[in-house]
Amino acid sequence: DEATEAIVDFAIRFGKPFAVVPCCVFAVQHPHRKLKNGDHVKSYEEYVQYLQEKNSLSIRKATLPFAGRNVVLYSTHQMTIP
């Protein structure tokens, strides 16, 4: 779980496709996380938004057909660096 953000950052930096299913927020361990509007990331929904905001032109969101944490963030092509 704690590797989710690092995977997204790596993919953005090197223009690689990826898919992650974010689970835990770890807000206390990562107080530096802020949304573009300046709010701190505290909830699961904010964490998904935070990850997507890293490259909103390329990172897509979909819902997988099962119960539980089922939101997948992905990019299937080389990403452009914002």
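The structure under discussion appears in the preceding block.
The structure presented is a predicted model; accordingly, all values stated were derived computationally and were not measured.

**Some words on the sheet that holds strand 3 (residues 71–75)**
To summarise the sheet geometry, strands pair through backbone hydrogen bonds and adopt either a parallel or an antiparallel arrangement.
Moving on, step 1. The strand order 1-3-2 describes an open sheet built from 3 strands, whose pairing is antiparallel. Every other strand in the sheet has two partners, leaving strand 1 (18–20) and strand 2 (60–63) as the edge strands with one partner each. Across the sheet, the mean angle from the axis of one strand to that of its neighbour is 25°, orientation sign disregarded.
Moving on, step 2. Where strand 2 meets strand 3, 4 bridges bridge the pair, whose relative direction is antiparallel. Across the sheet, R60 pairs through a bridge with Y74, a residue of strand 3.
Moving on, step 3. On top of the sheet, helix 2 (residues 44–53) reaches strand 2 and strand 3; it is set at about 5° to strand 3, its chief contact.

What counts and what doesn't
- Each chain carries its own residue numbering, running from 1 in the direction its sequence is written.
- Since the coordinates come from a predicted model, pLDDT governs what is reported: local features require at least 70, and pairs of side-chain atoms require 80 or more to be given and counted, while whole-chain, interface and lining totals use all residues.
- The side-chain values count all of the structure's non-hydrogen atoms but skip hydrogen atoms and water molecules.
- Two strands are counted as paired when DSSP detects at least two bridges linking them.
- To qualify as a helix, a DSSP run of H or I must reach at least 4 residues; to qualify as a strand, a run of E must reach at least 2; elements of each kind are numbered from the N terminus.
- Axis angles are defined between N-to-C directions and span 0 to 180 degrees, where every axis is a line fitted to C-alpha atoms and, for a helix, only to the segment in contact.
- Residue contacts are defined here by distance: any two heavy atoms, one from each residue, within 4.5 Å place the two residues in contact.

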